[in-house]
Amino acid sequence: MKIYGDTNSGNCLKVKWTADVLGLPYTWTPIDIMLGESRNREYLAKFPSGQVPAVEWPDGRTLTQSNAIIGYLARGSALLPDDGFTQAKIDEWLFWEQYSHEPYVATTRYQVVYLQQPFSKREPWRVDKAESALDRLERDLLSRPYLVGGGLTIADIALLAYTRLAPEGGYDLARRPHVQAWIARCELQLGLTPLPTIATT
């Protein structure tokens, strides 16, 4: 299995973490989106969407979209339990992540990390939606250690990616202690080194 991705991208990290925690063998192929490497002719011939992450198998099969990839990789594992309703609750979070979390938390971080803009240049309406998404996670994690059930699932991996990186986009996690505790639990499960504290003001 070959994974094409950018380790600065939360969407790509989802795939890497899932493969790593499941012990799946793969080759990581770095793609620099700022240099247009996901838009050249060779890449587009394999992945017409021109996005990362993307996965290619030796038999020629390909798959894109981070949540689709981690869902496929996790089949038959504890990261995606067999119970149908549990799977639906995981899907609920995956859809929410792509619609109500990633477009705001990740996009504003992109402005800061990739485009090297100050926090003050972030779009206020997008910042408000990002803050609301992080607040929603804080509320949901008040009474549970993980997002679905009692253990780590791909729902946690999907939300962890950009939530963990949120301070890089100017978001204060210190006032969200349940989110912070959840991040620490997920990092431990995934064998990740905690990120250094980043000033958000």
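The coordinates are above.
Bear in mind that the values here come from a model prediction, so they are computed numbers and not experimental data.

(A) Focus on the pattern of salt bridges. On inspection of all chains with the given rule, the structure shows 13 salt bridges. Across the pair Lys46 and Glu56 runs a salt bridge, and its minimum N-O distance is 3.1 Å. Residue Lys46 is found in helix α2 (residues 41-46), and its partner Glu56 is found in strand β3 (residues 54-56); the two are separated by 10 residues along the sequence. Lys46 gets classed as partly exposed once you look at its relative accessible area, which sits at 30%. Here Glu56 falls in the buried class, since its relative accessible area comes to 17%. The partner of Glu92 in a salt bridge is Lys89, with the nearest N and O atoms 2.7 Å apart. With a gap of 3 residues between them, Glu92 and Lys89 both fall in helix α4 (residues 84-113), about one helical turn apart.

(B) Seen up close, the sheet that holds strand β4 (residues 62-64). Strands sit in the order β2-β1-β3-β4 across an open sheet of 4 strands; the sheet is mixed. Sheet topology places β2 (27-30) and β4 at the edges, where each strand pairs with a single neighbour. On average, each strand axis in the sheet is inclined to that of its neighbour by 20 degrees, with strand direction left out of account. With respect to the sheet, helix α1 (residues 10-22) is in contact with β1 (2-5), β2 and β3, its orientation differing from that of β1 by roughly 150 degrees. Its contacts with the sheet place helix α3 (residues 66-73) against β3 and β4, and it is angled at close to 125 degrees to β4.

(C) The arrangement of the packing of aromatic side chains in detail. The tally for this structure, following the rule as stated, stands at 7 aromatic pairs. On the numbers, 5.9 Å between centres and 80 degrees between planes, the contact of Tyr4 with Tyr43 is edge-to-face. Taken together, the residues Tyr4 in strand β1 and Tyr43 in helix α2 connect sequence positions 39 residues apart. The class of Tyr4 is buried, set by a relative accessible area of 6%. Between the aromatic rings of Tyr4 and Phe47, the centroid separation amounts to 5.2 Å while the plane-to-plane angle is 65 degrees, which identifies the pairing as edge-to-face. With Tyr4 in strand β1 and Phe47 in the loop between α2 and β3, the pair connects residues that are 43 residues apart, well separated along the chain. Here Tyr4 and Phe47 have matching classes, each one buried.

(D) Fine view of the environment of Thr197. If you trace the backbone, Thr197 turns up in the segment after α7 (177-190). With 29 residues separating them along the chain, Thr197 and Glu168 place their C-alpha atoms 9.5 Å apart.

(E) The arrangement of the nonpolar core in detail. One finds Trp17, Trp93, Leu147, Ile154, Leu159, Leu160 and Trp182 to be the most contacted residues of the largest nonpolar core, which totals 49 residues. For this core, the elements supplying multiple residues, two or more each, are α1, α3, α4, α5 (124-140), α6 (154-164) and α7. Examining the composition of this core, we find that 8 residues originate from one element, α6, more than from any other. Among residues more than four places away in sequence, those in contact with Leu160 are Trp17, Trp182, Ile183, Cys186, Leu190 and Leu192. Formed by 7 residues, the second largest nonpolar core is a distinct cluster that contains Tyr4, Cys12, Tyr43 and Phe47.

Thresholds applied
- Every residue gets a number counted from 1 within its own chain, in the order that chain's sequence is written.
- The model is predicted, so local features are restricted to residues of pLDDT at least 70 and side-chain atom pairs to those at 80 or more, both for listing and for counting; the totals for chains, interfaces and linings are taken over all residues.
- Calculation of side-chain values draws on the structure's entire complement of heavy atoms; hydrogens and water are dropped beforehand.
- Whenever a carboxyl oxygen of Asp or Glu lies within 4 Å of a side-chain nitrogen of Lys or Arg, that contact is scored as a salt bridge.
- Each helix corresponds to a stretch of at least 4 residues labelled H or I by DSSP, and each strand to a stretch of at least 2 residues labelled E; elements are numbered beginning at the N terminus.
- Buried means the residue's accessible area, taken with a 1.4 Å probe over protein chains only, is under 20% of the maximum for its type, while exposed means over 50%, and partly exposed covers the values in between.
- Here, any two strands with at least 2 DSSP bridges between them count as paired.
- To obtain each axis, a line is fitted to C-alpha atoms, and for helices this fit is confined to the stretch in contact; angles are then taken between N-to-C directions over 0 to 180 degrees.
- Two residues qualify as a contact provided that any one of their heavy atoms is within 4.5 Å of a heavy atom in the partner residue.
- The pairing test for Phe, Tyr and Trp rings, Trp by its six-membered ring, is centres within 6.5 Å, and the orientation test on the planes gives stacked under 30 degrees, edge-to-face over 60, and tilted for anything in between.
- To qualify as a nonpolar core, a set must consist of buried Ala, Val, Leu, Ile, Met, Phe, Trp, Tyr and Cys residues joined through side-chain atoms within 4.5 Å.

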